[in-house]
Amino acid sequence: MRPNLLKQKFLAGESIVNAWLSIPSSYAAEVVASQGFDSVTVDLQHGMIGFDSAVGMLQAISITSATPLVRSPSRDPNDIMRLLDAGAYGVICPAIDTPQMAADFVAACRYPGKGTRSFGPARGLLYGGPDYFSKANDVIQAFAMIESKEALDNLDAILATPGLDGIYIGPNDLALSLGVAPSAQPGEIVEQAIARILDAALARGLLAGIFCSDGDAARRRLEQGFHLVTPGNDANALAAASSSRVLAARGGKQAIGVSGY
Ligand code: 3PY
Ligand code: MG
């Protein structure tokens, strides 16, 4: 089976920089994936992306060595299994708040023996190779999003889920759940929660990932000990690059722009 470079890098102790796609375009996916990211995530939860667009985007990512990931639109096992069949090598599943949710999520990512994934690997087989079925349980990765107070309360039990590869922190929903406004620079309460989740993941040898507002924030999270960081998304990058060009063309006069999330 085609190797999972993200997994290999994690096992080798190397940091992982992950791209985040919200624009439903295989060409945009191809452009972003070609910039040297270790993994590229197609976001079907908050991105403007449906299943049909996601398939073309996973194909576009396939021209590079970056590991293709998805953020599933929900915890629904049917969504998760179909995205794996479309060739995702890892799933970031939103809002895993309880150990039962974590167990159900991991089960959806694994064939019987280790889970309940239904057979029909479709494009996963083309991308992964003829031994996809026999190797998929070891190669495909399952990352639980920790992004609520309930998940914090259940943290140890969630992290103890057999077969879970790691966690991915959603700092914005985490902030909301803790009663504070989402911010590019989270305040004390959210930072304490983030540090607690990171420590617990590191103690169990799980991969720890987090969404960041930009490249500088991502570098600081790597320095803090995270394994995988996402330096913002494609829409932010496009907005920032476009507004700086307007600014330059107008000789430095302030452009009035709106950045997508
Ligand atoms: C969050 O911050 O809640 C996220 O889900 C980031 O994508
Ligand atoms: Mg979230």
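Please refer to the structure placed before this passage.
What this report covers is the structure whose coordinates are included nearby. Computed from a predicted model, the values in this text were never measured in an experiment.

### Thoughts on the coordination of the magnesium ion (ligand 2)
Every protein donor of the magnesium ion (ligand 2) is listed here as E147 (OE) and D173 (OD), and their distances to the metal cover 2.1 Å. With a gap of 26 residues between them, E147 in the loop between β5 (141-146) and α8 (149-153) and D173 in helix α10 (residues 171-177) connect regions that are remote in the sequence. When its relative accessible area of 32% is taken as the criterion, D173 is described as partly exposed.

### A few points about the pairing of β5
Looking down a regular strand, the side chains alternate between one sheet face and the other. In terms of burial, β5 is largely enclosed, as six of its six residues are buried. Burial along β5 is two-sided: Q141, F143 and M145 facing one way and A142, A144 and I146 facing the other are all buried. Sheet analysis places strand β4 (residues 90-93) next to β5, joined by four bridges and oriented parallel. Opposite V91, over in β5, you have A142 as the bridge partner. Pairing geometry for β5 and strand β6 (residues 166-169), over four bridges, is parallel. Considered in β6, the bridge of A144 is made with I167.

Rules used in this analysis
For every chain, the first residue of its written sequence is number 1, and the numbers climb from 1 along that sequence. Whichever chain is written first is A, and whichever ligand is written first is 1; the rest continue in order. Residue-level local features of this predicted model are given only where pLDDT is at least 70; pairs of side-chain atoms are given and counted only at 80 or more, and the full residue set underlies all totals for whole chains, interfaces and linings. Values shown for side chains rest on all heavy atoms present in the structure; no hydrogens or waters enter the calculation. Metal-coordinating donors are taken as N, O and S atoms lying within 2.8 Å of the metal, or within 3.2 Å when the metal is Na, K or Ca; because water is left out, some sites can appear incomplete. Strands are runs of DSSP state E lasting at least 2 residues, helices are runs of H or I lasting at least 4, and numbering of each runs from the N terminus. Relative accessibility thresholds used throughout: buried, under 20% of the residue-type maximum; exposed, over 50%; partly exposed, between the two (1.4 Å probe, protein chains only). For two strands to be treated as a pair, DSSP must find no fewer than two bridges joining them.

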